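Structural features, examined
As a plain string of letters, each chain reads:
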Amino acid sequence: MNEEELVEYFRAQMRKDPDMASAVAAIRTLLEFLKRDKGETILGLRESLTGATDCLTGVDSSVAVSSGGELFLRFISLTSLEHQDLSRCKKVMEERGELFLEKISMSRAKVAKLCHTFIKDGAKILTHSYSRVVLRVLEKAAAEKKRFSVYVTESQPDSAGRQMADALRKLNVPVTVVLDAAVGYVLEKVDLVIVGAEGVVESGGIINKIGTYQMAVCSKAHNKPFYVVAESFKFVRLYPLNQQDVPDKFKYKADTLKTVKNLSEEHPMIDYTPPSLITLLFTDLGVLTPSAVSDELIKLYL
Amino acid sequence: MSTMVQVVNLTTMPGPDKETDLTERIEAFLSDLKRGGSGTGPLRGSAETARETTALLRRITAQARWSSAGDLMEIIRKEGRRITAAQPSETTVGNMIRRVLKIVREEYARSRGSSEETDQQESLHKLLTSGGLSEENFRQHFATLKANVIEAINELLTELEGTTDNIAMQALEHIHSNEVIMTIGRSRTVEAFLKDAARKRKFHVIVAECAPFCQGHEMATSLSKAGIETTVIADAAIFAVMSRVNKVIIGTQTVLANGGLRAVNGTHTLALAAKHHSTPLIVCAPMFKLSPQFPNEEDTFHKFVSPHEVLPFTEGEILSKVNVHCPVFDYVPPELITLFISNIGGHAPSYIYRLMSELYHPEDHEL
């Protein structure tokens, strides 16, 4: 499978199911790559997979794709440790890969099941930009006949918040779109804040659409709980200490990175929220406090 | 002290009928729980309740009819749901049931020969390496399972007996001479803790009375009998006195899964005052008080009791014009707590998630 086929397959996956997380699409693509790979050694396989992941991050530079790729690579390493023979190993990998994909397709449902109990009747929720996981949680809460209303930030520069508002209106949930600058203004009316995450870092903090950090700081100031909903495949091996530490390759869109010379004139698309501002994380592995996230990562990567 | 009423049926047929005996004991325990929750001291007897629950579970294991681990767990879960429904605020009952369920799982895994290292809990690692949708249905029969489970429950009971002493043993590390310690209400664990330290150190204790039940008075009497200089203050004076306090040591009814507390009414005030003065807040809580609940869940968080303690019925004229509430518990968020001292040592509140994963299995969080 060469580069163009890879990119085309990835794009096709994203088009086919717009609801699918980009990390899942990346893992699906890599699994397909694995199936078609004609390598003879495991080392060769790893190298070509690394190349494939780099290629995919060139298409979609979000943290999620990168974490999906790393997870897949880790999956390969773990499986190859058990079976030395390549052909047997490949067969096992393909089976487990399909199983893994099946399990993670259920992860959003698990997250929604855990989180919706935290939404009480009459609650006013604030959320940021467009997150499919948050949408799923709110769908579940609405299905449980809870009455709540939602404030969504517009989330410039791509106005993704409006997309979220439309989706919520279809669920008959009263929704108000607010300016990104109005977060502090609206927080006194709000009961809780729920956001999604593009990546969950080792410290328990999150990387999400720009404006999330601001929202977290304001929630802390107003003493409102700040909840994050994320699937477990978004856990990534980064440990940023401040906004500067987040690598540039995640901050800007893939096209921007390729075409623009001077990145300091571009607006970053994501920011980092430290764990001290997060109350709880809802994942398919359970409800976690930020300190529990690193434990999960250690269990996987060590 | 809550006593368990044992109903002895003298008219049974020759040969004891284990089933009815068991059901009678469970009913007796249930009615005792329901009665015990009438609010005359919420911290009273949690250790007792834990021990009784465990003994009852041991009896169920010994006497009920079951052939595989799956059956036993179903029976325990069923009885567990009934018992927790009888008194939802008494979380130690639910905790003990979950611990016993975990014991059953472990013994089953050990009998099957699978290594105990295999993390039964969900993790990214497990997601990646498992070979099939692992449906562990616990159907295999093992002859020695019953004996093993009963032995493990006995170990649990021994652990429960020793909790207060284990906590009290750590007192000398935390209390130094000439310190002023503040506490609230009455906690047996804190009482033992302070008395143990008093054997070797001289310090001063200030007890907030904790209205309306004023259990602080009993605590103060008991401490002064042990030779500790004690002062009782009204709850309203907590903030005023806090500047002279070196440490705050409290007990709690439950430790929640995020590291927060459900403690006696007035504790949140105490915690905020301590935070304001940067005074360390130490919570003495044995492991059986750790519960997998999170504070924001919908079901019964608050327990209210008769408001006559707050506004007596004799004040007839006002009663019709006023709403009176008497909540029993308070929620204290984890940011206000410095240290948890339990029978297995000292921990930070951010570490509670780890202790929880060691004590309970995630599938048992909801009985």
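Remember, predicted model here, so these are calculated numbers, not experimental data.

1. Overview of the overall build of chain A
The helix and strand tally for chain A stands at 13 helices and ten strands. Compactness check: chain A gives a C-alpha radius of gyration of 20 Å against a globular reference of 19 Å for 302 residues, within 12% of the reference. Counting only C-alpha atoms, chain A reaches 60 × 45 × 35 Å along its principal axes. A burial count over chain A gives 56% of its 302 residues as buried. Looking at chain A as shown, the accessible area adds up to about 13300 Å², and 51% of this sits on carbon and sulfur atoms. Where the 40 positive side-chain charges of chain A centre and where its 40 negative ones centre are 6 Å apart.

2. Description of the pairing of strand S9 (residues 339-342) of chain B
Residue and element names in this part refer to chain B. Bridging between strand S7 (residues 281-284) and S9 involves three bridges; their strand directions are parallel. If you follow isoleucine 282 over to S9, its bridge partner there is leucine 339. The hairpin formed by S9 and strand S10 (residues 345-347) contains two residues between the paired strands.

3. Let's talk about helix H2 (residues 22-36) of chain A
Residue and element names in this part refer to chain A. For H2, with 15 residues, the first-to-last C-alpha span of 21 Å sits near the 21 Å given by 1.5 Å per residue. The buried fraction of H2 is high, at twelve of 15 residues. Of all the positions in H2, only Ser22, Ala23, Val24, Ala25, Ala26, Ile27, Thr29, Leu30, Leu31, Glu32, Phe33 and Leu34 are classed as buried. The elements touched by buried residues of H2 are helix H1 (3-16), helix H3 (42-59), helix H4 (63-82), helix H5 (86-105) and helix H7 (132-143).

4. Some thoughts on the packing of aromatic side chains
With the rule as written, the count across this model stands at four aromatic pairs over all chains. With 5.0 Å between their ring centres and 75 degrees between their planes, A:Phe118 and A:Phe282 make a pair best called edge-to-face. Residue A:Phe118 is found in the loop between helix H6 (107-115) and strand S1 (123-128), and its partner A:Phe282 is found in strand S9 (residues 280-283); the two are separated by 164 residues along the sequence. Here A:Phe118 and A:Phe282 have matching classes, each one buried. Plain terms: the ring middles of A:Tyr227 and A:Phe282 are 5.4 Å apart, the flat faces sit at 75 degrees to each other, and that makes the pair edge-to-face. With A:Tyr227 in strand S7 (residues 226-229) and A:Phe282 in strand S9, this pair connects stretches of sequence that are 55 residues apart. Both residues of the pair, A:Tyr227 and A:Phe282, belong to the buried class. What links up through ring pairs into an aromatic cluster is the set A:Phe118, A:Tyr227, A:Phe282 and B:Phe294.

5. Focus: the sheet that holds strand S2 (residues 148-153) of chain A
Residues and elements named next belong to chain A. Spatially, the seven strands line up as an open sheet ordered S3-S2-S1-S4-S7-S9-S10, and their pairing is mixed. Both edges of this open sheet fall to strand S3 (175-178) and strand S10 (286-288), since each of them pairs with a single strand only. Direction aside, neighbouring strands of the sheet carry axes that sit 25 degrees apart on average. For S1 and strand S4 (residues 192-195), the ladder comprises two bridges, and the chain directions are parallel. Bridge pairing links leucine 126 to valine 193 in S4. The strands touched by H7 are S1, S2, S4 and S7; relative to S2, the strand with the most contacts, the crossing angle is about 165 degrees.

6. A word on the sheet that holds strand S5 (residues 199-200) of chain A
Residue and element names in this part refer to chain A. Within the open sheet, the three strands sit side by side as S5-S6-S8. Their pairing is antiparallel. The open sheet terminates on both sides in strands that have one partner only, identified here as S5 and strand S8 (270-273). Where strand S6 (residues 206-209) lies against S8, four bridges are found, and the strand directions are antiparallel. Within S8, the position partnered with lysine 209 by the bridge is isoleucine 270.

7. Notes on the pattern of salt bridges
Residue and element names in this part refer to chain A. Counted by the stated rule, this structure contains 28 salt bridges over all chains. The closest approach of N and O atoms between lysine 35 and glutamate 98, which form a salt bridge, is 2.8 Å. In this pair, lysine 35 sits in helix H2 while glutamate 98 sits in helix H5, placing the two residues 63 residues apart along the sequence. By relative accessible area, lysine 35 is classed as partly exposed at 36%.

8. Describing H3(A)
Residue and element names in this part refer to chain A. The terminal C-alpha atoms of H3, which comprises 18 residues, lie 26 Å apart, in line with the 26 Å expected from a rise of 1.5 Å per residue. Turning to H3, its buried residues are Ile42, Leu45, Leu49, Ala52, Thr53, Cys55 and Leu56. Buried residues of H3, seen end-on, are gathered within an arc of 160 degrees and therefore sit on one face of the element. For H3, exposure combined with an orientation more than 90 degrees from the buried face picks out Leu43, Glu47 and Asp54. Buried positions along H3 lie against H1, H2, H4 and H5.

9. Some details on the environment of A:Val133
Residues and elements named next belong to chain A. In this fold, valine 133 is placed in helix H7. Spatially, the C-alpha atom of valine 133 lies 6.4 Å from that of glycine 196, the residues being 63 residues apart in sequence. Each residue touching valine 133, except ones within four places of it in the same chain, is listed here: Arg108, Val111, Val229, Glu231 and Lys234.

10. Some details on the environment of B:Pro280
One can find B:Pro280 in the loop between helix H11 (267-276) and S7. Separated by 223 residues in the primary sequence, B:Pro280 and B:Leu57 place their C-alpha atoms 38 Å from one another.

11. Thoughts on the state of the cysteines
The tally for this structure, following the rule as stated, stands at zero disulfides over all chains. The thiol sulfur of B:Cys210 is not disulfide-bonded, and the nearest other cysteine sulfur, from B:Cys214, lies at 7.7 Å.

12. A look at unusual backbone geometry
For the peptide bond that leads from A:Gln156 to A:Pro157, omega is 10 degrees, which places it in the cis range. Within the secondary structure, A:Pro157 sits in the loop between S2 and helix H8 (160-170). Here the residue pair B:Ala211 and B:Pro212 is connected by a cis peptide bond, since its omega of 0 degrees sits within 30 degrees of zero. Positive phi is not limited to glycine here, since A:Asn172 has a value of about 65 degrees. With respect to the secondary-structure elements, A:Asn172 resides in the loop between H8 and S3. Owing to a relative accessible area of 69%, A:Asn172 belongs among the exposed residues under this scheme. Phi is positive for B:Cys210, close to 65 degrees, though the residue is something other than glycine. Looking at where B:Cys210 falls in the secondary structure, it is placed in the loop between strand S2 (204-208) and helix H9 (215-225).

13. What to know about the confidence of the model for chain B
Low-pLDDT portions of the prediction should not be read for the details of their coordinates. All names here are of chain B. Taken as a whole, chain B shows an average pLDDT of 84; of its residues, 85% reach a score of 70 or greater. Between residues 38-43, whose pLDDT stays under 50, and residues either more than four places distant or in other chains, the model counts 13 contacts. Listed scores for the predicted complex are pTM 0.86 and ipTM 0.81.

How each quantity is defined
Residues numbered from 1 in each chain as written. Chains lettered and ligands numbered in written order. Predicted model: local features only at pLDDT ≥ 70, side-chain atom pairs only at ≥ 80, totals over all residues. Heavy atoms only, no water. Helix = DSSP H or I, 4+ residues; strand = E, 2+ residues; numbered from the N terminus. Rg over C-alpha atoms; globule rule 2.2 N^0.38 Å. Buried < 20%, exposed > 50% of the residue type's maximum accessible area, 1.4 Å probe, protein only. Areas by Shrake-Rupley, 256 points an atom, 1.4 Å probe, with all protein chains shown as cover. Lys, Arg positive; Asp, Glu negative; His and termini not counted. Charge placed at Lys NZ, Arg CZ, Asp CG, Glu CD. Pairing = 2+ DSSP bridges. Expected span 1.5 Å × (residues − 1). Contact = heavy atoms within 4.5 Å. Phe/Tyr/Trp six-rings, centres within 6.5 Å; stacked < 30°, edge-to-face > 60°. Axes fitted to C-alpha atoms, helices over the stretch in contact; angles between N-to-C directions. Salt bridge = Lys/Arg side-chain N within 4 Å of Asp/Glu carboxyl O. Arc of directions from axis to C-beta. Disulfide = S-S within 2.5 Å. pLDDT = per-residue confidence, 0-100.

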